[in-house]
2 protein chains.
Amino acid sequence: MDLNRTAKSIADDCIGYRIRMLSRIFSRMYDDALRPHGVRFSQMNILTAVVLKGPIQPVEIGRLLSLEKSTLSRNVRIMEENGWLKSEPVSSGVGHRLRITKKGERLYHAAAPAWRHAQSQIEKLLGAEGARAISRVADQIQENE
Amino acid sequence: MDLNRTAKSIADDCIGYRIRMLSRIFSRMYDDALRPHGVRFSQMNILTAVVLKGPIQPVEIGRLLSLEKSTLSRNVRIMEENGWLKSEPVSSGVGHRLRITKKGERLYHAAAPAWRHAQSQIEKLLGAEGARAISRVADQIQENE
DNA sequence: TTATGTAGGTTGCATATACAACTATAGTGG
DNA sequence: CCACTATAGTTGTATATGCAACCTACATAA
């Protein structure tokens, strides 16, 4: 097949290209809204996991978010340096568990409205049907993992 | 509202968290398939744009893929160093345009089957309905941008 | 013609992401 | 008790991503 035709079929079908583009667009919108609070969207996602499931081991967050352990190791370090998370050794066994600090809780409360603002912008862009479709797909993938 | 409740509502509704997770999962699958060819998925996306629209200015690729110009500046440099792209000055005016090289064309041809393999894995995961839903959403967002 | 603006690009800085290789620790089979 | 394996985590290396600040070349208004 000729090069141009190959490229066209790739561009037409490629789920990955579309997902990455959506990821960049939406992440920028969340990050814009969160910037005044000095926290990134990806960090909010980690904080959310810790709030809901903490104390929790990094490796477990990795499973929840499909994040590689080395990525998490570095991201968590930054958040500890910012004073949002603290870690405690696991009672018996290897590893440690993460908790949110008071400072982290204040940040989370303060930033939540900005998150909501970005979220409603995005829902407007997507429409209710589009938002539902994405949630459905994501939840289905997470099950099959 | 209490912290846990806030986090729960964020986790339940968050489109961005879902999109980022899908982006990581799918990108890993494409990258796994492409690794033997020494090219990354994000690079294939840029190559595809150049094949379809080249000669093309970086800033124009940025508009197509929603990529910041500084990101593109660096990504393109790596691809030039790899000998896949070459740039020529614009006849009149500032900036330059990118073309794919012979080596780039060979790479693209060689890597396309790997791309197709990952693509079909992902479509199986998503189901035809899920894949269509994502394409529909992405195309709609791109229009409204 | 000069001041101003605009568009394309690069660079400094920071974070995000993953793979590979490594360390440390716990559990398990001989 | 020892060798082996599996799990959690860290570190080296590389790419991806974006913002802010800057540079340059062109366009345009005063």
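Numbers given for residues are sequential positions, taken from 1 along each chain in its written order. For this description, chains carry letters from A and ligands carry numbers from 1, given in the order in which they are written. The predicted origin of the model limits local features to residues at a pLDDT of at least 70 and limits the giving and counting of side-chain atom pairs to 80 or more, whereas totals for whole chains, interfaces and linings rest on all residues. Computation of side-chain values covers all heavy atoms of the structure but excludes hydrogens and water.

**Remarks on the layout of surface pockets**
Taking a probe equal in size to a water molecule and rolling it over the atoms shows the remaining empty space. Rule in force here: Within this scheme a cavity is a closed region of a 1 Å grid, computed over the protein atoms alone, that accommodates a 1.4 Å probe without allowing it to escape, whereas a pocket is open but has protein on both sides within 12 Å along at least five of seven lines; lining residues each have an atom within 4 Å of a point. Grid points are joined across faces, edges and corners, and a volume is the space filled by probe spheres set on the points. Every helix listed is a DSSP run of H or I at least four residues long, and every strand listed is a run of E at least two residues long, numbered separately from the N terminus. Here the nonpolar group is Ala, Val, Leu, Ile, Met, Phe, Trp, Tyr, Cys and Pro; Asp, Glu, Lys and Arg are the charged ones; every other residue, Gly included, is treated as polar.
Empty space within the largest pocket amounts to approximately 430 Å³. When contributions to the lining of the largest pocket are tallied by element, the ones reaching two or more residues are helix 2 (15-34) of chain A together with helix 2 (15-34) of chain B. Per-element accounting of the lining of the largest pocket gives the leading share, 6 residues, to helix 2 of chain A. Class assignment for the residues of the lining of the largest pocket results in 1 nonpolar, 4 polar and 8 charged.

**Looking at the relation of the copies chain A and chain B**
Relating one copy of the chain to the other requires a rotation about an axis plus a shift along that axis. In plain terms, the rule: Alignment of the copies relies on least squares applied to C-alpha atoms, considering only residues that score at least 70 for pLDDT in both. Contacts are assigned to residue pairs with any non-hydrogen atoms lying within 4.5 Å of each other.
Expressed as a screw operation, the relation of chain A to chain B combines 0.0 Å of axial shift with a rotation of 180 degrees, fitting to an RMSD of 0.0 Å. The symmetry that links the two subunits is that of a two-fold axis. Of all interface residues in chain A, 100% are interface residues in chain B too; the two copies therefore contact each other through one and the same surface.

**Notes on the protein's contact with DNA strand C**
For the record, the criterion: Note on definitions. A residue lies near a molecule or strand when any single heavy atom of the residue is within 4 Å of it. Polar contact is the term for a pair of N or O atoms within 3.5 Å; when the atoms are in protein, one must be able to donate a hydrogen and the other to accept it, and sequence-neighboring residues count only if both atoms are side-chain atoms.
In the region of DNA strand C, 29 residues are neighbours, and S42 and S70 of chain A together with R28, K69 and R74 of chain B sit closest. The contact atoms of DNA strand C, taken as those within 4 Å of the protein, divide so that sugar and phosphate hold 63%. Here a phosphate oxygen of DNA strand C and a side-chain polar atom of R28 of chain B are 2.6 Å apart. Within the residue set of the surface near DNA strand C, elements represented by two or more residues are helix 3 (41-53) and helix 5 (69-81) of chain A together with helix 2, helix 4 (58-65) and helix 5 (69-81) of chain B. No other element matches the 5 residues that helix 5 of chain A contributes to the surface near DNA strand C. Considering only residue class, the surface near DNA strand C consists of 6 nonpolar, 12 polar and 11 charged.

**Concerning the pattern of salt bridges**
Residues and elements named next belong to chain B. Rules: Note on definitions: salt bridges are taken to be side-chain nitrogens of Lys or Arg within 4 Å of carboxyl oxygens of Asp or Glu. Each residue is assigned to one of three classes by its accessible area relative to the maximum for its type, calculated with a 1.4 Å probe on protein chains only: buried under 20%, partly exposed between the two thresholds, exposed over 50%.
On inspection of all chains with the given rule, the structure shows 16 salt bridges over all chains. A salt bridge links R63 to E60; its shortest N-O distance comes to 3.1 Å. Of this pair, R63 and E60 both sit in helix 4, 3 residues apart, which is roughly one turn of the helix. With relative accessibility at 32%, the residue E60 sits in the partly exposed group. When the shortest N-O distance is used, the salt bridge between K102 and E105 registers 3.7 Å. Of this pair, K102 and E105 are both found in helix 6 (residues 102-143), 3 residues apart, which corresponds to roughly one turn of the helix. With relative accessibility at 60%, the residue K102 sits in the exposed group.

**With respect to unusual backbone geometry**
All names here are of chain A. Its identity is not glycine, yet S66 carries a phi of approximately 55 degrees, on the positive side. With respect to the secondary-structure elements, S66 resides in the loop between helix 4 (58-65) and helix 5. Accessibility expressed as a relative area gives 9% for S66, which makes it buried.

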